[in-house]
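Here are the chains, one letter per residue:
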Amino acid sequence: MSKTLYIMRHGETLFNTQKRVQGWCDSPLTAKGIEQAKAVKDYFEKKGILFQAAYASTQERASDTLSLITDTPYKQLKGIKEMNFGSFEAREEELLPKFRPGANSFEDLLVPYGGESIDAVGQRVKATILTVLEKSKADTTLMVSHGAAMWGLILQLSVSFPKGLGLSNCAICKLTYEGGQLRLVALIEPSKDFLVHTF
């Protein structure tokens, strides 16, 4: 039986506006972030999308976003929390290591600083999702996670994004799960009037 998962990034936070690294540390949603989450709620309602199960990462910005979108009771999952940026946590983004030529992520550049590699992040996110969906009886599930965590998942699924396409605040990935396999079918961009990119 095929199941549908909507996994999305949290709304804008204080650290997002300050251009600070926000991995395992946390900061509150801004007024704009709250409005972004409410817009997603309206989108799901207009599309008639109902959730039988909901999950948020263990970080406040994710659970606060989820609570603004659905009244479905939710559980927290450590496995979908954000990437650990090590000693760069809460520091200015401009201090982060620069991507290697041709790279589309930090790869393992954060590991020497106590952080995670993008492969490790993607593997834990994917494993967590597969475990949840395998056991769940829900047809449609919502998860609220984070930008790097979701990007790690996308890399694990070997999906190529067109140049310029990313994961803005409240970006939504629609995936299907069937026969033990996850497949990304669409990216929904709330920041662009809920523009849908299909894969």
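The structure this text deals with has already been given above.
Here is a short report on the structure shown in this document. Keep in mind it's a predicted model, so treat the numbers as computed, not measured.

## Things to note about the overall build of the protein
Along its length, the protein carries five helices and seven strands. Against the 2.2 N^0.38 benchmark of 16 Å for 199 residues, the protein shows a C-alpha radius of gyration of 16 Å, consistent with a compact globule. Each principal axis of the C-alpha atoms in the protein carries an extent, and together these give about 45 × 40 × 30 Å. Sorting the 199 residues of the protein into buried and exposed places 55% on the buried side. As displayed, the protein has an accessible area near 9,700 Å², and 51% of this comes from carbon and sulfur atoms. The centroid of the 24 positive side-chain charges in the protein is displaced by 3 Å from the centroid of its 22 negative side-chain charges.

## Considerations on the nonpolar core
Counting residues in hydrophobic clusters, the biggest one holds 39 residues, and the most contacted among them are F85, I129, M143, F161, L167 and C173. Within the residue set of this core, elements represented by two or more residues are β1 (3–9), β2 (53–57), α4 (118–135), α5 (147–156), β5 (172–178) and β6 (181–189). M143 has contacts with L5, Y6, I7, M8, Y55, L77, I80, I129 and V132, leaving out every residue within four places of it along the chain. Among the nonpolar cores identified, the runner-up in size contains 19 residues, and V40, Y43, A56 and I69 belong to it.

## Some thoughts on the packing of α4 against α5
Where α4 contacts α5, the two axes come as close as 7 Å, and the packing angle between them is 85°. Taken together, the axes of α4 and α5 are roughly perpendicular relative to one another. Touching I118, D119, V121, G122, Q123, V125, K126 and I129 of α4 are A148, A149, W151, G152, L153, L155 and Q156, all from α5. Of the residues assigned to the contact of α4 with α5, the class counts are nine nonpolar, four polar and two charged.

## Structural notes on the environment of L5
With respect to the secondary-structure elements, L5 resides in strand β1. With relative accessibility at 1%, the residue L5 sits in the buried group. Taking the C-alpha atoms as reference points, L5 and D64, separated by 59 residues in sequence, lie 19 Å from one another.

## Brief notes about the pattern of salt bridges
Oppositely charged side chains may form a pair once their charged atoms are brought near each other. With the rule as written, the count across this model stands at nine salt bridges. The salt bridge involving R20 is made with E92; its shortest N-O contact spans 3.9 Å. Remark: E92 occurs in the loop between β3 (74–77) and α4 and R20 occurs in the loop between α1 (14–17) and α2 (31–46); sequence separation between them is 72 residues. Here R20 falls in the partly exposed class, since its relative accessible area comes to 27%. Using a relative accessible area of 31% as the deciding quantity, one classes E92 as partly exposed.

## Focus on the pairing of strand β7 (residues 195–198)
Summarising the sheet, β6 and β7 pair through four bridges and their orientation is antiparallel. Bridge pairing links L187 to H197 in β7. The antiparallel pairing of β6 with β7 creates a hairpin that spans five residues between the two strands, and D193 there sits at a positive phi of about 55°.

## What about α2?
Owing to its 3.6 residues per turn, the α-helix aligns residues three or four sequence positions apart on the same side. Its 16 residues give α2 an end-to-end C-alpha distance of 23 Å, which sits within 8% of 22 Å, the value for a rise of 1.5 Å per residue. Of all the residues in α2, the buried ones are G33, Q36, A37, V40, Y43 and F44. For α2, the buried positions fall inside an angular range of 115° around the axis, keeping them on one side. Residues of α2 that are exposed and point more than 90 degrees away from the buried face comprise A31, E45 and K46. Its buried side turned inward, α2 meets β1, α3 (60–69), β4 (140–145), β5, β6 and β7.

## A short note on the packing of aromatic side chains
Each aromatic ring pair is summarised here by two numbers: the centre-to-centre distance and the angle between the ring planes. Enumeration over the complete set of coordinates arrives at 10 aromatic pairs. Seen in terms of ring centroids, F85 and F106 are 6.0 Å apart; in terms of plane orientation they differ by 85°. Their pairing is edge-to-face. Of this pair, F85 sits in the loop between β3 and α4 while F106 sits in the loop between β3 and α4, placing them 21 residues apart in sequence. The same class applies to F85 as to F106, namely buried. Taken together, a centroid distance of 4.8 Å and an interplanar angle of 80° make the contact between F99 and F106 edge-to-face. Taking relative accessible area as the criterion, F106 reaches 15% and is therefore assigned buried. Following the ring pairs from residue to residue traces out a cluster consisting of Y6, Y43, F44, F51 and F194.

Cut-offs and rules
Every chain begins its residue count from 1, and numbering advances along the sequence as written. Whole-chain, interface and lining totals are the exception, using all residues; otherwise, since this is a predicted model, local features are given only for residues with pLDDT of at least 70 and side-chain atom pairs are given and counted only at 80 or more. In computing side-chain values, all of the structure's heavy atoms are included and hydrogens and water are not. Runs of H or I in DSSP of at least four residues are treated as helices and runs of E of at least two as strands, each being numbered from the N terminus. It is over C-alpha atoms that the radius of gyration is taken, and the globule rule equals 2.2 Å times the number of residues to the power 0.38. Accessibility here uses a 1.4 Å probe with only protein chains present; expressed as a share of the type maximum, an area under 20% marks a residue as buried, one over 50% as exposed, and anything in between as partly exposed. Values of accessible area rely on a 1.4 Å probe in the Shrake-Rupley scheme; residue burial ignores everything except the protein chains shown. Charged-residue counts in this description rest on Lys and Arg as positive and Asp and Glu as negative, His and the chain ends being excluded. Charge positions are represented by NZ for Lys, CZ for Arg, CG for Asp and CD for Glu. As used here, the term nonpolar core means buried Ala, Val, Leu, Ile, Met, Phe, Trp, Tyr and Cys residues forming a set that is joined through side-chain atoms within 4.5 Å. The contact definition used throughout considers only heavy atoms, calling two residues in contact when any of these lie within 4.5 Å. The axes are straight lines fitted to the C-alpha atoms, using for helices just the contacting stretch, and the angles between their N-to-C directions are given from 0 to 180°. For classification purposes, angles smaller than 35 degrees are called roughly parallel, those larger than 145 roughly antiparallel, those between 65 and 115 roughly perpendicular, and all remaining angles oblique. Amino acids outside the nonpolar list (Ala, Val, Leu, Ile, Met, Phe, Trp, Tyr, Cys, Pro) and the charged list (Asp, Glu, Lys, Arg) are all regarded as polar, and Gly is one of them. Take a side-chain nitrogen of Lys or Arg and a carboxyl oxygen of Asp or Glu: if they are within 4 Å of each other, that pair is a salt bridge. Pairs of strands are assigned from DSSP output, requiring at least two bridges between the strands. Multiply 1.5 Å by the residue count of a helix minus one, and that product is the helix's expected span. Arc definition: directions from the helix axis to the C-beta atoms. Pairing of aromatic side chains requires ring centres within 6.5 Å, counting the rings of Phe and Tyr and the six-membered ring of Trp. Pairs whose planes differ by under 30 degrees are stacked, by over 60 edge-to-face, and all others tilted.

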